[in-house]
Structure formats: C-alpha cells, structure tokens
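So you can see what is in the structure, the chains are spelled out below.
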Amino acid sequence: SDIERLYIHESVENVVPPEDFLAAFDDLEIPNELVGDGETYEDGDAVATYVPRPEFLDASWIHCIRAGHDAFDTRDYENRGVPLTNTSGIHGATVGELAIGYMLSLSRLVHVYRDHQNEDDWYSPEYERPFTVENEQLCVVGLGTLGTGIAKRADALGMDVVGVRRRQEAVPGVPEVYPPDKLGDAIAEARFVALTVPHTPETESMISDGEFETMRDDAYLINVGRGPVVDEAALVEALRSENIAGAALDVFEEEPLPAESPLWDFEDVIISPHKGSATNRYHLDIAEVVKENIEKIKHGESLTNRVA
Ligand code: NAD
C-alpha cells in the first residue's frame, strides 16, 4: 500500500541533526514528523530510524538510515512481511576518502607529526619510515559501495589494487579478484588491507591470528566495515608482537572504544570514532534514498536496498 505518513525516529540523532533531516522531506506531499519511543504505527506508516524497535513491525515499511543493518533482525521483518531497507550505496566517496586519508597518513606520517606538534616538537622520523602509497599493494576485502569507492581512489593514486569478492567478476581498478576462501593469498603481499564487508556470520572474526601471521610485517590493517569482522584481541597481539606495522580503525567490537583499550596507545594506530560517513550533507544523502523508495512504493516498483 502507499505510504501515507513518514516518521523520523529520534535515534537518527546518532548521525544527523534530526531537524535538518526532517526538513529534507519538506517537499514531500505526505506528512512527516519526528517521533520517540512508544509510538504506535499502522498500515501506511513508514519509519526512518537508526535503531530497531519492536513497534516498527506494525508499520508498512522501515528504513534503516545506516548502511549496515546488522542491529536489525531481518527474520522479524520477513515473518511480518514488513519490508526493511538500508542505506548502502551512498558511502563510496565519504568512506573512500577517509580510507585514502588513513593510507596517506600512515605512509607520510601526518599522524606522527601531529603527535609531536602537540609537544611543540620539530621531529625527524627515521629515514626508513616514510614511503609513498604509489606502487604499494592494497587488498580490499569486500567490493561493494565502500570497497569500490576505496579501490577506484587508490587506483587513481597509482596503487596496485587487489580484492576479495564472492562473485569472480572484474571490478574497474581491481585487476585481480580472489574468492573469500583465498583470503590468505589475497592479503599476503599487501601493504594495506582494507575491510569493507558487512558484519555477518561469515565475516565475523574473518581477520584473526592466522591472517595477521600471513600479512606482511610492514602491512597496515584498515577497518571501515564493522568492528566484529576483526578479532580485536588478535589485532592488539599482532601490533604488540610487530606482526603488522599498524592500523587505521573507524569501527570496533565495542563502541565507543573503551578508555582501557590498548588500541588507543599505539603510535601507528589511527582511531576515528565511527565517522566514516560523517559529512555536512549526510542528512541529504540519506533523504535521497528514502525519497527514492517512497516514489518506488507509489509506482509499485521493488524497493532499492531492500534487505528483508
Ligand atoms: P554493500 O552492500 O554495497 O557492500 C558490501 C559488500 O560486501 C558486498 O559486495 C558483499 O557481496 C560483500 N560481502 C559480504 N560478505 C562477504 C564475504 N564473506 N566475503 C567477501 N565479500 C563479502 O555495502 P557498503 O555500503 O559497501 O557497506 C559495507 C559495510 O560497511 C556495511 O554493511 C556497514 O557495516 C559498513 N559501513 C561502515 C561505515 C562507516 O561509517 N565506517 C559507513 C558505511 C558502511
């Protein structure tokens, strides 16, 4: 049935200013308003939200404003016949640029100079330390929106890009694609390994002791997918034992990253607080996806980004 009302659940405040997000729907013909918990929903209602809530199962359609919908139990939605959509497809540039920023910092030591700047220290690193990303190998694990967004930018910088993908099709800028069961071969030669897969039973702890053994000892791990894709204790151990050189992490097993995590204290670990998609126009990008699907429902077309 048609969407008659659009509700914006207040949890969107985790990533966008709720009032700005709401205003992005001003041009819609249907009423739209901000709601909190404990609301009741009925046929014709749509909810855009960051978190799942049991009462959403009474609505006609739920849109998760995150790319990863791993907080939602898709079986609930399938059982009730309520379509669930997510917001993948819009983070190629935002997360792609962050990943490139990480690699350029790790190679040219921007993060190290900033640490020394905090001490007013005119610092000279060891001669061996800085390098160019040009001609270095990057392995991108998961070639969806994020993965291809990183691969294309890395290719433009002259990097040698390989990837891991379930479908064995070539991807522009990624001449060599390995299947998931050849993960070890894919990461063995890489200077950077970037994780861009969702958190699923198959990807959980995909990177653990064995993978850190396989990686080069001058390699850097980049995780912009989801925290549980990496066995974090194994990562800390790999950093301590210098099995790898460093990491750049936007996502963690527990968020916020607990103050007692050893990850905060490695010089060559860059930590960003799950801000891969954070830009000043994120609310507009998400609203586009929601509006596109409102139109699709109106015209009886299948939904974009339907995950249940
Ligand atoms: P997407 O659906 O476009 O891409 C995910 C890709 O991973 C798909 O190509 C899929 O086939 C692949 N994949 C899944 N399981 C795999 C496996 N076992 N082996 C190899 N490939 C596998 O989604 P996206 O927009 O690229 O986002 C990917 C994930 O990144 C999201 O699910 C979310 O968890 C995370 N994410 C994080 C941020 C951030 O702020 N750091 C922002 C957006 C997305």
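Details of the structure are given in the entry above.
Because the structure is a prediction, the values reported are computed rather than measured. (Residues numbered from 1 in each chain as written. Predicted model: local features only at pLDDT ≥ 70, side-chain atom pairs only at ≥ 80, totals over all residues. Heavy atoms only, no water.)

Undergrad: Would you mind going over the nonpolar core in detail, with residue names and values included?
TA: One recurring pattern in soluble globular proteins is that nonpolar side chains are buried together. Judged by nonpolar contacts, the single largest core of 33 residues is most densely connected at Val141, Phe212, Leu221 and Leu235. Mapped by element, the contributors of at least two residues to this core are β6 (137-141), β7 (160-164), α6 (183-188), β9 (192-195), α8 (232-240) and β11 (246-249). Looking at this core, the element that brings in the most residues is α8, giving 5 residues. Beyond its immediate chain neighbours, meaning those up to four positions away, Leu235 contacts Phe212, Leu221, Val230, Ile244, Ala247, Leu249 and Leu263. (Core = buried A, V, L, I, M, F, W, Y, C linked by side-chain atoms within 4.5 Å. Buried < 20%, exposed > 50% of the residue type's maximum accessible area, 1.4 Å probe, protein only. Helix = DSSP H or I, 4+ residues; strand = E, 2+ residues; numbered from the N terminus. Contact = heavy atoms within 4.5 Å.)

Undergrad: Give a detailed account of helix α3 (residues 92-108), specifying residues and quantitative values.
TA: Here α3 spans 24 Å end to end across 17 residues, near enough to the 24 Å set by a 1.5 Å rise per residue. Those residues of α3 lying buried are Gly92, Thr94, Val95, Gly96, Ala99, Ile100, Tyr102, Met103, Ser105, Leu106 and Ser107. A positive phi of about 70 degrees marks Leu109, the residue just after α3. (Expected span 1.5 Å × (residues − 1).)

Undergrad: Lay out the site of the ligand with the relevant residues and their values.
TA: Taken together, 26 residues form the shell around the ligand, and within it Thr145, Leu146, Arg166, Val224 and Asp250 come nearest. At 2.8 Å from an oxygen atom of the ligand is found a main-chain nitrogen or oxygen belonging to Leu146. Backbone polar atom of Val224 to a nitrogen atom of the ligand: 3.1 Å apart, as the coordinates give it. Protein chains shield 86% of the accessible area of the ligand, which is 850 Å² for the free molecule. Here the shell around the ligand is composed, by residue class, of 10 nonpolar, 13 polar and 3 charged. (Near = heavy atom within 4 Å. Polar contact = N/O pair within 3.5 Å; in protein donor to acceptor, adjacent residues only side chain to side chain. Areas by Shrake-Rupley, 256 points an atom, 1.4 Å probe, with all protein chains shown as cover. Nonpolar A, V, L, I, M, F, W, Y, C, P; charged D, E, K, R; others polar.)

Shape is all these values report; function is a separate question.
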